[in-house]
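As a plain string of letters, each chain reads:
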There are 2 protein chains.
Amino acid sequence: MTEISLYSPFPANEVPSWDFETDVVVVGFGAAGACAAIEAADAGAQVMLFERNSGSGGASALSGGEIYIGGGTDVQIAAGFEDTPEELAAYLKAAGGPCADEAKCDLYAQESLSHYAWLKAQGVPYRGNYLPGKHIEPTDDSTLIWSGSEAAAPFCTLARPAPRGHVIQHMGWGGGRPLIDLLETRAREKGVEVIADSRAVALVQEGAAIVGVVVRIDNRTRFVRARKGVVLATGGFVLNEGMRRKYCPQTFRINDPIGDKDDGSGIELGISAGGDAIHMDQFFTTCPWTIPESHAYGVMVNQQGQRFINEDCYHGRVSRAAVDQPGDRVYLLLDSAHFQQPPGFARVAIAGTGEDWEEVERELEMPEGTLSTTMAFYNRHAREGRDPLFDKRTPILTPLDQGPFVALELNFQTSYFSFFTLGGLRTSTDGEVLNRAGTPISGLFAAGRCTSGLPAWGHGYSSGLSLADCTFFGRQAGRKAAGA
Amino acid sequence: MTEISLYSPFPANEVPSWDFETDVVVVGFGAAGACAAIEAADAGAQVMLFERNSGSGGASALSGGEIYIGGGTDVQIAAGFEDTPEELAAYLKAAGGPCADEAKCDLYAQESLSHYAWLKAQGVPYRGNYLPGKHIEPTDDSTLIWSGSEAAAPFCTLARPAPRGHVIQHMGWGGGRPLIDLLETRAREKGVEVIADSRAVALVQEGAAIVGVVVRIDNRTRFVRARKGVVLATGGFVLNEGMRRKYCPQTFRINDPIGDKDDGSGIELGISAGGDAIHMDQFFTTCPWTIPESHAYGVMVNQQGQRFINEDCYHGRVSRAAVDQPGDRVYLLLDSAHFQQPPGFARVAIAGTGEDWEEVERELEMPEGTLSTTMAFYNRHAREGRDPLFDKRTPILTPLDQGPFVALELNFQTSYFSFFTLGGLRTSTDGEVLNRAGTPISGLFAAGRCTSGLPAWGHGYSSGLSLADCTFFGRQAGRKAAGA
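Residues numbered from 1 in each chain as written. Chains lettered and ligands numbered in written order. Predicted model: local features only at pLDDT ≥ 70, side-chain atom pairs only at ≥ 80, totals over all residues. Heavy atoms only, no water.

The name given to chain A in an unreviewed UniProt entry is Succinate dehydrogenase/fumarate reductase, flavoprotein subunit, with the source organism recorded as Novosphingobium panipatense. The heading Cofactor (unreviewed entry) in the UniProt record of chain A holds the text "FAD". (UniProt positions renumbered as here; feature names shortened; annotations may be inferred.)

Caption draft 1: Structural detail: the overall build of chain A. A tally of helices and strands in chain A yields 12 helices and 22 strands. C-alpha atoms of chain A, sized along the principal axes, occupy 75 × 45 × 40 Å. Considering chain A as a whole, with its 484 residues, one finds that 64% of them fall into the buried category. Long-range contacts, defined as pairs at least 24 residues apart, comprise 73% of the intrachain contacts of chain A with a sequence gap of at least 6. Total accessible area computed for chain A in this model is approximately 15,800 Å², and 47% of it derives from carbon and sulfur atoms. Counting 41 positive and 59 negative side-chain charges, chain A places the averaged centre of each group 4 Å from the other. (Helix = DSSP H or I, 4+ residues; strand = E, 2+ residues; numbered from the N terminus. Buried < 20%, exposed > 50% of the residue type's maximum accessible area, 1.4 Å probe, protein only. Contact = heavy atoms within 4.5 Å. Areas by Shrake-Rupley, 256 points an atom, 1.4 Å probe, with all protein chains shown as cover. Lys, Arg positive; Asp, Glu negative; His and termini not counted. Charge placed at Lys NZ, Arg CZ, Asp CG, Glu CD.)

Caption draft 2: Structural view of the environment of Cys156 of chain B. Position of Cys156 of chain B among the secondary structure elements: in helix 5 (residues 155-158). For the pair Cys156 of chain B and Ala94 of chain B, spaced 62 residues apart in sequence, the C-alpha separation works out to 10.0 Å.

Caption draft 3: Representation of the pattern of salt bridges. Applying the stated criterion across every chain yields a total of 64 salt bridges over all chains. The residue Asp19 of chain A makes a salt bridge to Arg222 of chain A at a minimum N-O spacing of 3.4 Å. Linking Asp19 of chain A in the loop between strand 1 (10-11) and strand 2 (20-27) with Arg222 of chain A in strand 11 (residues 220-232), this pair joins segments that are 203 residues apart in sequence. A relative accessible area of 31% places Asp19 of chain A in the partly exposed class. Between Asp256 of chain B and Arg347 of chain B there is a salt bridge; the shortest N-O distance is 2.9 Å. (Salt bridge = Lys/Arg side-chain N within 4 Å of Asp/Glu carboxyl O.)

Caption draft 4: Focus on helix 8 (residues 265-272) of chain A. Residues and elements named next belong to chain A. Counting buried residues along helix 8, 8 of its 8 residues qualify, which places the element largely inside the surrounding structure. When we look at burial in helix 8, the residues that qualify are Ser265, Gly266, Ile267, Glu268, Leu269, Gly270, Ile271 and Ser272. In this structure, the buried side of helix 8 is in contact with strand 9 (198-206), strand 11, helix 7 (241-247), strand 13 (277-278), strand 20 (424-425) and strand 22 (440-446). Remark: Gly274 follows helix 8 within two positions and exhibits a positive phi of approximately 105 degrees.

Caption draft 5: Main features of the side chain of Glu361 of chain B. Residue and element names in this part refer to chain B. Among the secondary structure elements, Glu361 is positioned in helix 10 (residues 357-363). Within the buried set, Glu361 has no salt-bridge partner at all; the shortest N-O distance to an opposite charge, 6.1 Å, is to Arg362. There is a polar contact of 3.1 Å between the side chain of Glu361 and the backbone nitrogen of Leu371. Beyond its immediate sequence surroundings of up to four residues, Glu361 is in contact with Met366, Pro367, Glu368, Gly369, Thr370, Leu371, Ser372 and Thr373. (Polar contact = N/O pair within 3.5 Å; in protein donor to acceptor, adjacent residues only side chain to side chain.)

Caption draft 6: The pairing of strand 22 of chain A, seen in detail. All names here are of chain A. Here strand 22 lies mainly inside the structure; 5 of its 7 residues are buried. Note: strand 11 against strand 22, 3 bridges, orientation parallel. From the neighbouring strand, Val231 faces strand 22, where its bridge partner is Phe445. Strand direction decides the pairing type here: strand 21 (residues 432-434) and strand 22, joined by 2 bridges, are antiparallel. When the sheet's bridge partners are listed, Leu434 is paired in strand 22 with Pro440. Adjacent in sequence and paired antiparallel, strand 21 and strand 22 are bridged by 5 residues, among which Gly438 carries a positive phi angle near 95 degrees. (Pairing = 2+ DSSP bridges.)

Caption draft 7: Layout of the UniProt feature "domain: FAD-dependent oxidoreductase 2 FAD-binding" (unreviewed entry) in chain A. Residues annotated in UniProt with the feature "domain: FAD-dependent oxidoreductase 2 FAD-binding" (unreviewed entry) correspond here to residues 23-455 of chain A. Annotated as residues 23-455 of chain A, this span is 25% helix and 24% strand, and its ends, taken at the C-alpha atoms, are 30 Å apart.

Caption draft 8: View of the relation of the copies chain B and chain A. In the superposition of chain B on chain A (RMSD 0.0 Å, axial shift 0.0 Å), the rotation amounts to 180 degrees. Taken together, the rotation and translation relating the two chain copies correspond to the operation of a two-fold axis. Among all residues of chain B, the one whose C-alpha sits closest to the rotation axis is Asp281 of chain B, at a distance of 3.3 Å. A share of 100% of the interface residues of chain B reappears at the interface of chain A, consistent with the copies meeting face to face through the same patch. (Least-squares fit on C-alpha atoms with pLDDT ≥ 70 in both.)

Caption draft 9: Layout of the sheet that holds strand 12 (residues 256-257) of chain B. All names here are of chain B. Read from one edge to the other, the open sheet built from 3 strands follows the order 12-19-14, with strand pairing classed as mixed. Edge positions in the open sheet fall to strand 12 and strand 14 (283-286), since each of these has one partner strand only. By the bridge criterion, 4 bridges tie strand 14 to strand 19 (residues 418-421) in an arrangement that is antiparallel. Following the sheet pairing, Thr286 is matched in strand 19 by Ser418.

Caption draft 10: Representation of the packing of helix 4 (residues 102-121) of chain A against helix 12 (residues 465-483) of chain A. All names here are of chain A. Closest axis-to-axis distance for the helix 4/helix 12 pair is 10 Å, and the angle between their directions is 90 degrees. Judged by the angle between their axes, helix 4 and helix 12 are roughly perpendicular. Counting all contacts with helix 4, which are made through Lys104, Leu107, Tyr108, Glu111, His115 and Trp118, the residues of helix 12 involved are Ala468, Thr471, Phe472, Phe473, Arg475 and Gln476. Here the residues of the contact of helix 4 with helix 12 are counted per class, giving 6 nonpolar, 3 polar and 3 charged. (Axes fitted to C-alpha atoms, helices over the stretch in contact; angles between N-to-C directions. Parallel < 35°, antiparallel > 145°, perpendicular 65-115°, else oblique. Nonpolar A, V, L, I, M, F, W, Y, C, P; charged D, E, K, R; others polar.)

Caption draft 11: The arrangement of the interface of chain B and chain A in detail. Taken residue by residue, the interface counts 31 residues in chain B and 31 residues in chain A. A combined buried area of about 2,700 Å² lies between chain B and chain A, and 58% of that area is made up of carbon and sulfur atoms. Considering only the surface of chain B that becomes buried against chain A, Lys246, Gln306 and Arg436 of chain B emerge as the three largest contributors, covering 25% of it. In this structure, the salt-bridge partner of Asp276 of chain B is Lys246 of chain A, at a minimum N-O distance of 2.4 Å. For the interface between chain B and chain A, the tally reads 14 residue pairs in polar contact (both at pLDDT 80 or more). (Buried area = accessible area lost by both parts, 1.4 Å probe.)

Caption draft 12: Structural view of helix 12 of chain A. Relative to the 27 Å expected for 19 residues at 1.5 Å per residue, helix 12 of chain A spans 27 Å between its end C-alpha atoms, a close match to the ideal helical length. Burial analysis of helix 12 of chain A places 16 of its 19 residues in the buried class, which makes it a mostly covered element. (Expected span 1.5 Å × (residues − 1).)

Caption draft 13: Quick peek at the domain arrangement of chain A. Residue and element names in this part refer to chain A. Taken domain by domain, chain A holds domain 1 (1-287 + 418-484) and domain 2 (289-411). Look at where the C-alpha atoms of domain 1 and domain 2 centre, and you get two points 35 Å apart. Opposite the 30 residues of domain 1 that make contact, domain 2 presents 27 residues. Approximately 2,300 Å² of surface area, both sides summed, lies buried where domain 1 meets domain 2, with 53% of it carried by carbon and sulfur atoms. For the pair domain 1 and domain 2, the interface holds 19 residue pairs in polar contact (both at pLDDT 80 or more). Where the side of domain 1 that touches domain 2 is concerned, the elements lending two or more residues are strand 5 (130-134), helix 5 (155-158) and strand 14 (283-286). At 4 residues, the largest contribution of residues to the side of domain 1 that touches domain 2 is made by strand 14. (Domains from an automatic or database assignment.)

Caption draft 14: Structural context of unusual backbone geometry. Residue and element names in this part refer to chain A. Residue Pro154 is bonded to the preceding Ala153 through a cis peptide linkage, with omega at -5 degrees. With respect to the helices and strands, Pro154 occurs in the loop between strand 6 (144-146) and helix 5. At the junction of Gly403 and Pro404, the peptide bond is cis and its omega measures out at 0 degrees in the coordinates. Counting through the fold element by element, Pro404 comes out in the loop between helix 11 (371-382) and strand 18 (405-411).

Caption draft 15: Main features of the sheet that holds strand 4 (residues 66-68) of chain B. All names here are of chain B. The 4 strands are arranged 4-7-6-5 in an open sheet whose pairing can be described as mixed. Looking at the sheet topology across the chains shown, the edges are occupied by strand 4 and strand 5 (130-134). Put simply, the sheet's adjacent strands are angled 30 degrees from each other on average, direction ignored. Where strand 6 (residues 144-146) meets strand 7 (residues 165-167), 2 bridges bridge the pair, whose relative direction is antiparallel. Looking across to strand 7, one finds that Leu144 is bridged to His166.

In structure tokens, the structure reads:
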């Protein structure tokens, strides 16, 4: 018998017997898999969902439950923000940078409002209010926050800024778990059969078409026939060190992967069927340096004492640029008007203090005239409301001139730089896995972080982009699979 | 009949008849293919070489014919440089950065002297002298030049510096063409049958093994049986815009691909057989900013007026870091002691001049106190023989304080930034193409830029690394294929 492997499909004619048969098989029970299952069931398909953990969740459940939505939602309008699908599309393309999938950006922008309505129809609760300021996640149950680089250069010159992070109503951080719980409930109500503790280990192929999946359950091999299609929704490869070494070695500069069994197996399965993995070097990272919020007013310098970005960008964009800097750390500079004790989990330490920036410079053992010159230049222009170097903008742009002063060390190896991978299978806007010639592979679909989607470019990430991608393109994949 | 495609192997049992039969098939007649063919023939195999152009060459023939060799060659010793295989290995690993294939680095370092002897035995002439200074290629027929970042930080702290660029004896630039001519002559002498104007369009597979290749000759499909193995030596994908968009989109910041039909077809063929393409985002680039040589003493700043690297690194490492900078250009700053008219082909223009650096700053419309402060700081420390920011070293480290001064604009879109891709198939040190599980694919070998090899990391490239990789690992692949 042909070996059962992630790396090559198992021939259908060697399947001894089908242990399960259904219309649509979904692999993975995070947000992408849940939405694919719901939509496939709504389209009339019989759906089985296989999840390797004992329950739903995936990396989605580790998130804040924040979804990037725009184009003029009720909450945006109530808060006085104008937004249109065109502006949203423009932002999404800027956020995708050189990796942007323009067709996905356009479709999502066009469908964002109806997707929001769909989420609400599934029962996702939104309080409906706008929370001003810089937040990684609301600490209360607010809905709308600035969750990207919308108001910062160059994004603000490419698309009219509006806040677009829509957070599930949930008190405090961690809205991802209740979001998934709710999607799970909907999926089960619709008759989706969930088989937990089951690991997909191969696809089943008939001719060039995918017709099923091989799973391991209770240490036994089971063959699952998918009459219409298989949807891969298994997440990225952040927990697979071998794949990171081959495709994304820059992530070894940092140490805090966010994932839940994200071992890239879905990407391997897709490739085994002829799929194409793209932008595999891209990753999101962030150090939570904007907590407490007053720290968002800080200035970031590299070990040369030079600024390297407008710090009013999304915290993850700033962090991603930080990881590009020479050496093993950057510094967040604050004055007494803005410094508060950073949270312990950030693992950022005070590396230098001083009555003036010259003293901080000396404490950091930087050469005279580096950091101090940077800060004199910065403060001089900030007083005039300008940042001629990087175009940081008010109100985040503010002089840091009230001593004493402090430099916090954001060390790539020891501070908390969380990360996950963004590269994955190339899919159509309908979630079809495309082969290397760009043609859909019959019977094979994918969504979420085992694909390259809306959050394609590490330097352009914005909170909520991955869940937007997972939920919307998960639905697309489920619906398409059900109609296949 | 199964479709003939780069993307899936053609089944051997559908081959109507073999139009050609041989032991080893080599695809591509650059340096890698030539060396594979020579070595396979020397091992007693019957060899056929298929080349899509009308003659030999590939990107190798566009090169300077410079090969990265060390460990204590006759020329190194005669010139008074100490080098060992261990120091060479350490440099190669540093040059590979996060993408380094340590086994390849170690093997090449260990075998570098014997490889050099082999090249000479093939008739590659070396004048035997050392040419001091900073040269992209010798303008005379000299042999040994500094061709990397050996003497620059951090490389000089990781491996004892020695020049290792060994250039074929050839008057002026362009030693790649005579190098290939010579290898072609050797290959033909050894009975290698060369079929030009033939394009490989599919591999032929029997079970999991590769047993041949499908080629198009005179618009007809021909089936070639390889009794022992197929060696892919088709180059990178720099001329395939679709592949660049999917895997290496940062190259769209620059405009001058170097290649000759480098369309990635060998990478596609390898993947079709289950191969794994790695580090596909990596690319070499250089702007010839060190011509004339006095310009190597210049200082490079980004549009913020900040330095970003020790400019005594290899010109390509500096250029690669330049392309990472914000905006669309960097500036090369020179004083009257070092400025000469740059060569026309570099397409670098004078963007600003001045009697002092403040005036240059104003002409570049940079904010007051940016470039001028950078240069005051640089000059102050250069006078003391120090570069506290980036550890640039003497003698390249020198004050630029003799006015008038000039800033040359290196514009990513309009200046000459040549580039080629470095990502490709993952191979063993014997040139076996590895499948995604890391196991050799029976009958399939690869070498050169359709693989990821010694020059794995764009930021660590050094001249001669690619030809070292092509020639040495081409030989490895040819020998292993002949013994298969």
